[in-house]
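Understanding the architecture of this molecule
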Amino acid sequence: MAKNKSFLLFFLVLSFISGIFSQYELEELKWLDDRDDEISMFHSQHSAMRRCDLTSGKWVYDQSYPLYDSSCPYLSTAVTCTKNGRPDSDYEKWKWKPHGCEIPRFNALEFLGRMRKKRIMLVGDSIVRNQWESLVCLVQSVIPMARKTVTYVGPTMAFHAMDFETTIEFCWAPFLVELKKGPENKRILHLDMIEENAKYWRGADVLVFDSAHWWTHSDKYSSWDLIMEGNSFYRNMNPMVAYEKGLMTWAKWVDLNLDPRKTRVFFRSMSPRHNRENGWKCFNQREPLEFFSHPHVPEPLLVLKEVLRRMSFPVSFQDITTMTALRRDGHPSVYSKFVSQTGKQHLGDYKSDCSHWCLPGVPDTWNEMLNAML
């Protein structure tokens, strides 16, 4: 419990003392506060996966899901939607079915066997924390209580499966590049500085990156006051231009510092938000959309693909954007905290979270896809 509080304190010190975060970001950082007490496929399957387009398919209802339940001790309160009073649970039972193939069902022992003596690290914002919690819950049930633990170092938390000598880690770095406090507590985003974050990534065997949401906050909730590149400061820069520059810094670091013979690198595409209608677009949604009449490709996705195309390091691109955009039913909405029976009569008084995901839920599919790609 003390370690959980120290992890939250890391962010609160930055936010309240240095004033580095906006009110919007403080809401997201509150989501990171975990107050809970604790928080070899067959060769033919591999061949099928290589030939299969995992991004094209549909959601199918499957009674055999979910693969764990909300009693997993490593889930933060904000994602345990059933515990928080959400009355339906069908959002836990949808499986992604690619056209022409199957994503293998996640097998914890098989996964841990392949990942023996390896470090797996997920890097990014609270959506990546969402995915980290999912992956930990997918594996933890096969490990005796005395043989698993979570440790905290700086902006990282790590789940240890002791008998397998495997760690599954999360590193907080929402921009990948560095955001620092400047004069007058100004938040300065350094587009060409990354080592303070990247030093935690060294030595990992599998790295999964994601960075998009904090680049795309609206003007009212802008994630920085100034942008710095070299010795130049910018008050106004197109966010997508800044995003591309930041990603190029990350790409250069990967190209220069990582060995593809030792490290697998994945970049997961952005998780769609359903925030229209003042954040209530996802409220009371009970099933996925079947299709889009006018598919939309987010601009950050185009920028990301172009950066990855220019890299010399073979980064595996995990595109979950379109498939996830169909899942407006999978967000916590008002159930990111406990809603009593009395509270259910006044749901309009609650904030609706249409960015993060209930667990068990959608991020479990991202991890099944990641497992297949590995």
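Residues numbered from 1 in each chain as written. Predicted model: local features only at pLDDT ≥ 70, side-chain atom pairs only at ≥ 80, totals over all residues. Heavy atoms only, no water.

**Here we look at the side chain of Asp62**
Keep this limit in mind: By definition, any uninterrupted DSSP run of H or I lasting at least four residues is a helix, any uninterrupted run of E lasting at least two residues is a strand, and each is numbered from the N terminus. Buried means the residue's accessible area, taken with a 1.4 Å probe over protein chains only, is under 20% of the maximum for its type, while exposed means over 50%, and partly exposed covers the values in between. We define a polar contact as two N or O atoms separated by no more than 3.5 Å, with the added condition that, inside protein, one atom must be a possible hydrogen donor and the other a possible acceptor, whereas residues neighbouring each other in sequence contribute only through side-chain atom pairs.
With respect to the helices and strands, Asp62 occurs in the loop between strand 1 (57-61) and strand 2 (94-98). With a relative accessible area of 16%, Asp62 lands in the buried category. Of note is the side chain of Asp62, whose polar atom sits 2.6 Å from the side chain of Ser64.

**A closer look at the nonpolar core**
Going by this rule: To qualify as a nonpolar core, a set must consist of buried Ala, Val, Leu, Ile, Met, Phe, Trp, Tyr and Cys residues joined through side-chain atoms within 4.5 Å. A contact between two residues is defined here by any heavy atoms of the two lying within 4.5 Å.
With 76 residues, the main nonpolar core has Phe159, Trp201 and Trp250 as its most contacted residues. In terms of residue count, helix 7 (residues 239-257) provides more of this core than any other element does, eight residues in total. With residues up to four places along the chain from it excluded, the contact list for Trp250 reads Leu176, Ile194, Trp201, Phe209, Val265, Phe267, Leu308, Met311 and Val315. Core analysis: the second largest hydrophobic core is formed by 16 residues, Cys52, Ile320, Trp357 and Ala372 among them.

**Remarks on the environment of Asn185**
You can see Asn185 is positioned in the loop between strand 7 (178-181) and strand 8 (187-190). Note on Asn185: relative accessible area 37%, which makes it partly exposed. Spatially, the C-alpha atom of Asn185 lies 9.4 Å from that of Asp225, the residues being 40 residues apart in sequence.

**Some words on the sheet that holds strand 12 (residues 264-268)**
Put simply, the rule reads: Strand pairing is assigned whenever DSSP identifies at least 2 bridges connecting the two strands. Structural elements are reduced to axes, namely lines fitted to C-alpha atoms, with helices fitted over the stretch in contact, and the angle between N-to-C directions of any two is expressed from 0 to 180 degrees.
One open sheet accounts for seven strands, arranged 4-5-6-3-9-12-13; its pairing is mixed. Two strands bound the open sheet, and with one partner strand each, they are strand 4 (148-153) and strand 13 (316-318). On average, each strand axis in the sheet is inclined to that of its neighbour by 20°, with strand direction left out of account. Along the sheet face, helix 8 (residues 299-310) touches strand 12 and strand 13 and points at about 170° away from the line of strand 13.

**A word on helix 7**
Going by this rule: Multiplying one less than the number of residues by 1.5 Å gives the expected span of a helix.
Between its terminal C-alpha atoms helix 7 stretches 27 Å, which fits the 27 Å expected from 19 residues at 1.5 Å a residue. Those residues of helix 7 that fall on the buried side of the exposure criterion are Met240, Ala242, Tyr243, Gly246, Leu247, Thr249, Trp250, Ala251, Trp253 and Val254. Buried residues along helix 7 sit in contact with helix 6 (195-198), strand 9 (206-209), strand 10 (226-229), strand 12 and helix 8. Taking the backbone nitrogen of Met240 as reference, a side-chain oxygen 2.8 Å away marks Asn238 as the first, capping residue of helix 7.

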